[in-house]
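Letter by letter, the chains look like this.
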Amino acid sequence: MPNLTFVIFSKGVIFIIKKLIVFAQILAAVAVIFLFSLPAFAEVIGVVTGSGVNIRQGPGTDHPVIGVAAKNTAYPVLNKKDGWYQIRYAGGDPAWISATYLSTSQNSDLPQQIQTNGKVNVRSGPGTNYDVLGTAAANTAYQVVGEDGYWYKIAYGSGEGYVAKWLVSVKEGAPAQTDIQQPSAPQPDTQQPSTPQPADPGSGGQSAAASGATTGYVNTSVLNLRDGGSVSANIVSKLYQDAKVTVYKAVNGWYQVQTDNGLNGWVDGKYIRFPQGKNSVQTMKSAETPAFAGTASQGTIQVAYTKKDYGYRLTLTGDTVICYTYKGDAKALRIDTDMTIKGDFPNDSAVQFSVGGSLKNQLNIACDSSMYYRLSASADGKVLTVELGLNPLVGRLIYLDPGHAAISNSGEPDPGAIAASGLKEKDVTLDIALKAKALLEAKGATVELSRGETTTLTLGDRAYPANMMGADVLVSIHCNSSTNPSVNGTSVWYYAPEGNSAYDREKVLSLTKSLQNALLASAGRKNYGIYEANFAVLRASTMPAALVETAFLSNETEAQLLGTDSFRQKLAEGIAEGLSQYFSVF
């Protein structure tokens, strides 16, 4: 018989244990309440309310100063401790700023209502793998109660459902604001910036017709139109998604615009998109003499350059914030600043560089051939980078989608088609995409991939990141398969129904034909044709998109080819060449 050991507790001990258990339960409940009552700091934006506020390494004045924030600079707020906010600082690193000099506000992009663009499936969860609860008719409005990734959670029937964000529009009159009206605050703890800040650009009242101008479109749910170029300026009106504006001045990241109904004001430039022309950047033409030009230089810009495969990268570094305007066409680019330009320039017979203007504040770049370029500024406004070359891919943003590899409910990635040898489509498409990315970037393009080894994006979700980043084109890469093992060849698919204004049929067809012609020439397989199909990734794309079926994994010959590095390289070269041909036209 086994030994039994009994531990007898006195009533007093039992009473104490019961009290401890109750106390622990209370603590747990309080913890839950505390956690759920905390502000969602990832959704909070803080705006600096004083000039020259110290950014510190830790929460207190005893911590080292690592930077200085200008007035009206906005930062994501991560945490709060002892009267200090932890913010996401330059480069994404966390830092601390006194709560006294930071005004916080919720910055949720969640609208109150959405409206369906066409017939839309309402699903039980945030993905196309969830059950369909019903189908919403076109132009039907729903109350938004939440969001999950690329899906809105809506009030549906007596319960809730999910709709894909790319299939609906924010209902006008009920969206959330894009920027924030800031209250005033006391003067900050601290030091003035080491360099002068650009002057407030002012409200400006000129007509758009008074200078060279270009058309842009609002690229967010709702955008404040202000009477000056900063978030501290007064809001005069609101502009909604896809509203058309005429842009005729840019100062320190803000655009002076005129709306279709004649309102003048300023908007945050990062929420304006421009239609793509033959030139690879959204060129904004300015007046011959910049509004900020004066009789004295506001500082110095030092120019350095790097020779690239596609041309040159010029880096303009200012000793203070660079205010500039630019204008250009297919053969010339001119940048005007309020600072003296110095430095070295390439000695190139194809592209000529010169500095002009009475203050030596005008950079001129000219070319006998068609020139392509892109301008981008650093977060602090002190560095302006110019990428330029003769290749039409320079400055393009290309989104490549290697097919399949989405994680299923079982936790395994979708392999796609599988050859008799065991070769998986998901592995082939990723390798081709990586090879194409390297080729395109060497020619001056910026390339984003929808996935790495695996992804949580379903087929219906693949286009949404491309839509959000404003990609110029989307190319989805696949391998074909058939029950007939003799079928072989290369094909390209598109979706742009005639008469549907949501798709630019001319551009889509040009992209499709350019890719097919280049792939056939590079990879040398049979022409299996060009087809139109309502594929989710194509239907959901707001930019010209095509789906490439490189070759058949079900065909023994083509499966062997797809298993080789050399054939995948040829396919990547075909994709890169096809995109180059497309961008030489559009």
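Preceding this section is the structure that the text describes.
Residues numbered from 1 in each chain as written. Predicted model: local features only at pLDDT ≥ 70, side-chain atom pairs only at ≥ 80, totals over all residues. Heavy atoms only, no water.

Trainee: Describe in detail helix α2 (residues 425-442), supporting the description with residues and values.
Mentor: For an α-helix the count is 3.6 residues per turn, leaving residues at separations of three or four pointing the same way. Here α2 is 18 residues long and its end C-alpha atoms lie 26 Å apart, about the 26 Å a rise of 1.5 Å per residue gives. Taken together, the buried positions of α2 are occupied by E425, K426, V428, T429, L430, D431, I432, A433, K435, A436 and L440. Elements that come into contact with the buried residues of α2 comprise β31 (397-402), β32 (446-449), β33 (473-480), β36 (545-552), α6 (556-562) and α7 (565-583). A positive phi of about 100 degrees marks G444, the residue just after α2. (Helix = DSSP H or I, 4+ residues; strand = E, 2+ residues; numbered from the N terminus. Expected span 1.5 Å × (residues − 1). Buried < 20%, exposed > 50% of the residue type's maximum accessible area, 1.4 Å probe, protein only. Contact = heavy atoms within 4.5 Å.)

Trainee: Outline the sheet that holds strand β24 (residues 324-329), listing residues and values.
Mentor: If you walk across this open sheet you meet the four strands as β24-β25-β28-β27, and the pairing is antiparallel. Since the sheet does not close on itself, it has two edges, and those belong to β24 and β27 (351-356), each with one partner. Each strand axis lies, on average, 10 degrees off the axis of its neighbour in the sheet, ignoring direction. Judged from the six bridges that link them, β24 and strand β25 (residues 332-337) form a sheet pairing that is antiparallel. (Pairing = 2+ DSSP bridges. Axes fitted to C-alpha atoms, helices over the stretch in contact; angles between N-to-C directions.)

Trainee: Could you give an account of the nonpolar core, naming the residues involved and the relevant values?
Mentor: Ranked by internal contacts, the top residues of the largest apolar core, which has 39 residues, are I398, L440, L515, L562 and L579. Mapped by element, the contributors of at least two residues to this core are β31, α2, β32, β33, α4 (505-523), β36, α6 and α7. It is α7 that provides the largest number of residues to this core, a total of eight residues. If we ignore the near neighbours within four places in the chain, the residues touching L515 are V475, V492, A546, V548, I575, G578 and L579. (Core = buried A, V, L, I, M, F, W, Y, C linked by side-chain atoms within 4.5 Å.)

Trainee: I'd love a proper account of the pattern of salt bridges, names of residues and values included.
Mentor: Tallied over the full model, the rule gives 12 salt bridges. A salt bridge links D565 to K435, with the nearest nitrogen and oxygen atoms 2.7 Å apart. Here K435 lies in helix α2 and D565 lies in helix α7, a separation of 130 residues in the sequence. For K435, a relative accessible area of 15% puts it in the buried group. Salt bridges sharing partners connect three or more residues here, namely D431, K435, D565 and R568. (Salt bridge = Lys/Arg side-chain N within 4 Å of Asp/Glu carboxyl O.)

Trainee: Which residues make up the sheet that holds strand β34 (residues 490-494), and what values go with them?
Mentor: Read from one edge to the other, the open sheet built from six strands follows the order β32-β31-β33-β36-β34-β35, with strand pairing classed as mixed. Looking at the sheet topology across the chains shown, the edges are occupied by β32 and β35 (527-532). Taking the axes of each pair of neighbouring strands and ignoring which way they run, one obtains an average angle of 20 degrees across the sheet. Note that β34 and β36 share three bridges and pair antiparallel. Among the inter-strand pairings, S491 is bridged to a residue of β36, identified as E549. Together, β33, β34, β35 and β36 form the strand contacts of α4, whose direction differs from that of β34 by roughly 170 degrees. Its contacts with the sheet put α7 on β31, β33 and β36, and the angle it makes with β33 is roughly 150 degrees.

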